Amino acid sequence: MKSEALSQLALVMRKSDLKKRYLKPVQLITPLQSAWVRCLLDVWGGKYGGSVGPDTAKSSVIGHLMIRQNWSDKDSERIFKVVMDLHKQGYSGNELFTKAQQIILLNDKVGSLLERANEQEDADLVEQVMCKLFTADNPIRAVAIKHYCERKCAQHIAAELSKMTGMDIENAKTRIRWCRQLLEASVFHAIRQEIDAIRHDIAA
C-alpha cells in the first residue's frame, strides 16, 4: 500500500497540486516550528516503526519541552541549544529532560505542565493527528512512514520513487521534499489545535 501511495507522486507536477489534492488548506511554518515538529515525528517513528533513530533521545526532550507551551522564536532557539549541548555531554532520557528544564529556568506555571518527559504520550498524539490528517493511500503519509518509521533518508525514498515510476531522480527528490514540507506544516498546526482543545477542556 505504501508503495502504491508513493507512486502517485509521479502524477503531481507542482507542489500546489500536491497540496490541493491531498491536504486541507495549511499555512507555512517557520524553520524553528519545522525543527520542533520533526522532533515529534522522530519520536512517533520510534514508537510506531519500532526503530529508534540516533537523535530520538534529544528529539523526545525537545518535543516534550515545547509541546506544552507557545514559545517565542528566541525561547525556542534557547531550548534547542540547551538540549543539544546537554546531549553532547552525555545526558539522555529523563535526566536530560530534568537538567534542560533546570537550565531553561521555567516559571512555576510552565513547570507544572512539564513534570517529566513522556515520549509515549507525545508519540500517541502524533499518531492521532496523522490518522485524522491522512488516508492510508495518501503519498504524504507514505513518505512520513518511510522516513520516520522505516528510517529511510530522503535520498533513498527518492531513489525508490524513481525506480518505481521511471521518474528522473532530481524530480523524485523534489517531490519527496514537497511531501516533507507539507507533512511538517500540516502536523504542526494539527498538533497545536489538539493542544488548544485539551487546554480548553481543562479550563472549562
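Now for a description of the structure that goes with this document.

Cut-off values and rules
Residues numbered from 1 in each chain as written. Predicted model: local features only at pLDDT ≥ 70, side-chain atom pairs only at ≥ 80, totals over all residues. Heavy atoms only, no water. Core = buried A, V, L, I, M, F, W, Y, C linked by side-chain atoms within 4.5 Å. Buried < 20%, exposed > 50% of the residue type's maximum accessible area, 1.4 Å probe, protein only. Helix = DSSP H or I, 4+ residues; strand = E, 2+ residues; numbered from the N terminus. Contact = heavy atoms within 4.5 Å. Expected span 1.5 Å × (residues − 1). Arc of directions from axis to C-beta.

**Things to note about the nonpolar core**
Counting 44 residues, the largest nonpolar core has L18, W44, M130, I140, L183, V187 and I191 as its most contacted members. Secondary structure elements with two or more residues in this core: α2 (15–22), α3 (31–48), α8 (119–133), α9 (139–149), α10 (154–165) and α11 (169–203). Ranked by residues supplied to this core, first place goes to α11 with 12 residues. Residues contacting L18, with those up to four places away along its chain left out, are L9, V12, L23, P139, I140, W178, C179 and L182. Judged by nonpolar contacts, the second largest core, of six residues, contains I79, V82, V83 and L96.

**Some details on α10**
Compared with an ideal rise of 1.5 Å per residue, which puts 12 residues at 16 Å, α10 spans 16 Å between its outermost C-alpha atoms and is within 8% of the ideal. All of the buried residues along α10 are I157, A158, L161 and S162. Along the axis of α10, the buried residues cluster in a sector spanning 140°; they form a single face. Facing away from the buried surface of α10 by more than 90 degrees, the exposed residues are Q155, H156 and K163. One or two positions beyond α10, positive phi appears at G166, with a value near 80°.

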